Amino acid sequence: MKISLNWLKDYIDIPLSPQELAEVLTSTGLEVEGEEVVEAVKGGLEGVVVGKVETCRKHPNADKLSLTEVSVGNGALLQIVCGAPNVAAGQKVLVATIGTTLYSPEGEAWTIKKGKIRGETSEGMICAEDELGLGTNHNGIMVLDEKVEVGISAKEYLNLPSDYVYEIGLTPNRSDATNHIGVARDVVAALRVHHGQKEGVRLPNVDQFKIDNNSLPVEVIVEDSEACPRYSGVSIKGVTIKESPDWLKRRLEAIGVRPINNVVDITNYVLHEFGQPLHAFDLNQIKGQKIIVKTLPEGSIFRSLDEIDRKLFAEDLMICDGASNGMCIGGVFGGISSGVTDSTVNLFLESAHFNAKSIRRSSMKHNLRTDAAKVFEKGSDPNVTIHALKRASLLITELAGGEIASEVVDIYPNPIAPVEVEVSYDQVNSLIGLNLSPDKIKEILAALEMALVTESETTFTVAIPTNKADVTRPADVIEEILRIYGFNNVPTPSKLRTAMAIGKQPDPNVVRNVVGDLLASNGFYEMMAVSLSESRYYRDIISSVQEQELVYINNTSNIHLDIMRPEMLMSGLEAVLYNQNRQQTQLRLFEYGYTYRKGEKGYDEVGHLTLFMTGKRWQENWLTNEKDLTSFYTLKAYVQNILTRLGIEKYQESEYNDEVFSYGLHYHRGPQTVVKFGKVSGKILKKMDVRMDVFYADFHWDAIMKALRKHKITVEDLNKYPSTRRDLAIVVENSVKFSDIASIAAKVGKKLLKSINLFDVYVNEKQLGANKKSYAVSFTFENPEKTLKDKEVDKIMNQLIQAYETQLDAVIRR
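All of the points below concern the structure found in this document.

Parameters at a glance
- Residues numbered from 1 in each chain as written.
- Predicted model: local features only at pLDDT ≥ 70, side-chain atom pairs only at ≥ 80, totals over all residues.
- Heavy atoms only, no water.
- Salt bridge = Lys/Arg side-chain N within 4 Å of Asp/Glu carboxyl O.
- Buried < 20%, exposed > 50% of the residue type's maximum accessible area, 1.4 Å probe, protein only.
- Helix = DSSP H or I, 4+ residues; strand = E, 2+ residues; numbered from the N terminus.
- Phe/Tyr/Trp six-rings, centres within 6.5 Å; stacked < 30°, edge-to-face > 60°.
- Pairing = 2+ DSSP bridges.
- Axes fitted to C-alpha atoms, helices over the stretch in contact; angles between N-to-C directions.
- Contact = heavy atoms within 4.5 Å.

Pairing is possible between side chains of opposite charge, provided their charged atoms come close. Tallied over the full model, the rule gives 35 salt bridges. Ionic pairing is found between Glu123 and Lys114, a salt bridge with its closest N-O pair at 4.0 Å. Lys114 sits in the exposed class, given a relative accessible area of 55%. The salt bridge involving Glu449 is made with Arg185; its shortest N-O contact spans 3.5 Å. Here Arg185 lies in helix H4 (residues 180-195) and Glu449 lies in the loop between helix H11 (438-447) and strand S26 (451-455), a separation of 264 residues in the sequence.

Before going further, it helps to examine the packing of aromatic side chains. Inspection of every chain in the model, using the stated rule, returns 17 aromatic pairs. Their ring planes at 80 degrees and their centres at 6.4 Å tell us that Tyr537 and Tyr538 sit as a pair that is edge-to-face. You'll find Tyr537 and Tyr538 in the same group, each marked buried. Relative to Tyr592, the ring of Phe590 lies with its centre 6.1 Å away and its plane at 90 degrees, an arrangement referred to as edge-to-face. Take Phe590: its relative accessible area is 3%, and that puts it in the buried class. Look at Tyr592 and you get buried, because its relative accessible area is 12%.

Quick look at the sheet that holds strand S41 (residues 811-813) now. Taken in spatial order, the four strands make up an open sheet running S39-S40-S38-S41, and their pairing is antiparallel. The open sheet terminates on both sides in strands that have one partner only, identified here as strand S39 (753-762) and S41. Strand after strand, the sheet turns through a mean of 35 degrees between neighbouring axes, direction not considered. Both S39 and strand S40 (residues 772-781) contribute to a ladder of eight bridges, which runs antiparallel.

Moving on: the sheet that holds strand S30 (residues 551-552). On the basis of which strands lie adjacent, the open sheet formed by three strands has the order S29-S31-S30 and antiparallel pairing. A single partner strand is all that each edge strand has here, and the edge strands are strand S29 (532-533) and S30. Two elements, S30 and strand S31 (residues 563-564), share two bridges in a ladder whose sense is antiparallel. Bridge pairing in S31 places Tyr552 opposite Ile563.

Okay, helix H5 (residues 246-254) next. All of the buried residues along H5 are Leu248, Lys249, Arg251, Leu252 and Ala254. Lining the buried residues of H5 we find strand S1 (2-4), helix H1 (5-8), strand S2 (31-39), strand S12 (162-169), helix H6 (262-274) and helix H9 (385-399). Backbone geometry just after H5 places Gly256 at a positive phi near 85 degrees.

Position of Ser533 among the secondary structure elements: in strand S29. Sequence-wise, Ser533 and Met570 are 37 residues apart; in three dimensions their C-alpha atoms are separated by 8.0 Å. Setting aside anything within four residues of it in sequence, one finds Ser533 in contact with Tyr538, His560, Leu561, Asp562, Ile563 and Arg565.

This part covers unusual backbone geometry. One non-glycine residue, Arg118, lies in positive phi territory at about 50 degrees. Note on placement: Arg118 falls in the loop between strand S9 (115-117) and strand S10 (120-122). For Arg118, a relative accessible area of 53% gives the class exposed. The phi dihedral of Asp689 is positive, around 65 degrees, even though this residue is not glycine. Turning to its location among the elements, Asp689 is positioned in the loop between helix H17 (682-687) and strand S37 (694-700).

Here it is, written out as structure tokens:
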């Protein structure tokens, strides 16, 4: 939010420098995030001075140019070539000296340089109105009054105003500070408490408001007083739509609002002055001179100001005419047919108070984040509508002509009174950490215009102004007191008190960082998906997640994200698709996240680590094969590396395929899943429009942490005795897995078998037979107490061969 210093000064006296005021604003909770000086003319006409044309003669080499000598007050004469037809000796003019930067109407900068024009030196430029950004006239140079002093700056001569604008990071709870008067109230409160200032806020005077006649009455009916607690309005007859005066345009431009025309600019001006959104209707377009505030049937079409046909929701509050045609989404956005145009003559000016929740719902559903909606959804002041209406009406009659042509409509069936909150003095000091006296607290409350209703020795009850919609509890009142007292005035304790805390072992954050570092060092990027998902995924794509398991939410911001995600795959595929659509096809992603399902005993939140891999296995370079793509075994290597890094080596393995995986593996410890991984089903990828193979691993992080708690680190000496290796070529059925061979070896070899490794798989139907394959397996043996003899190793190998032949129906190739 932008706040203009010049604008603030209309309401309060500020005995502080702009920088000191910025400190006051920040100390009261209106954090100043940036400051800038805004000039009425871009660049402030720095380097432009008043000069006098001492001589003027024809350019010797050009008929339409003049050669002049101009004094600019420093004793020297500047030779300037000028093309203006009205230049003459004796004139007082504005001169852009060498080095001056001027700006085109499009904002492009250009600098005055010394140069030659048709062979004659030119040491500056005598300026026309449009060249300085003061207007559009280019018929000739600006000729000044003869009495003006030579050498003074153009800025001084023209009395160009400059402004100081603050960028304020407004927090969502500050409904009272969405406007200049609201900020002025905070500044005055701080100045009263800390600087002894007596003056308060000067509100714009509306005593001159009067009803000229009742020739254009408009009937107003509010059918939904909960969504619209107050509706005020008035008719204005005989206006002229035209450009706004410079002072009004400068005010709006300073805070980043684009001027449109005098009437629209006035409604924007009052919005940023009072924090009261207004809407001006072309009264001649209101059928039946009647306004109905109501909802329309779901799916009704409304064409908004941006010429988009919008389907309305049943909850959208509409401002309708007498024929129930929607003219405006109340408090959010106007319609194309009822707005102010250049031909508008008669107006109906609306000043209403809408329910914050209703406005936010409609604003978010239609993705219309207008200034008015942002004010209403914070909570506007219901008791300022009439004052703002009269203020805008007076400005319109002043700047656009016309007359007030109706009584003021004010439908306010249930007036909103100030909320009364009881607070104890002890509670104030306990929460702030100070010992503020009751007198100091009452001084701050008075500065904040919070009236004391009742008071005792220990408590007080205060009436909260209706512009502070978020102040409803004792803690809120205490925060208001602290803001004005000053956060920086709360002393830092001289002692630091702490307590010993014993965290979980192993520390979950440490484990996450260990695995994250491992993956990042191997080219993975961490992703963070939203924990929300679309229920249609589990109706149309993944049927294994049952409808009754889904956790639905009421998400008015993005209605398609209507559930908490029940699994991690779909959010990961969304990230893959996003990258694929931007020509990023070589992906290695990992994510820590949670899934949510509805169970028999309530809601289940489960932690996960997921990996996603797709595209080429290696970055493109001269040494690698571009056809070497990521495969199931690429993913398997990273899965096993993670488990090995965490020291989880004992688990069972089984093949796994379902509607998610076309093929994969399941590592588990009894019934508890450690990780499932494999190639994602082509059907799912097709429905998600992912055109690449995707390999996906889903670690059940809670199971990982549980396994780590049982994991013990042991230390042993390096074996000083040599190891012995033996190889076997084992012919088995295709259904036999390497894990079956390793499991038998572990039982037979017991303590002497150090490792087993598969180094080749050979398939040849002619040599081996149908449905047969040959595993080439190496066995490494060690004895920590002595050197193994061949006889001992041979004995174990014979036992292994016998076991394979018996249990796996294997044939040993010799």
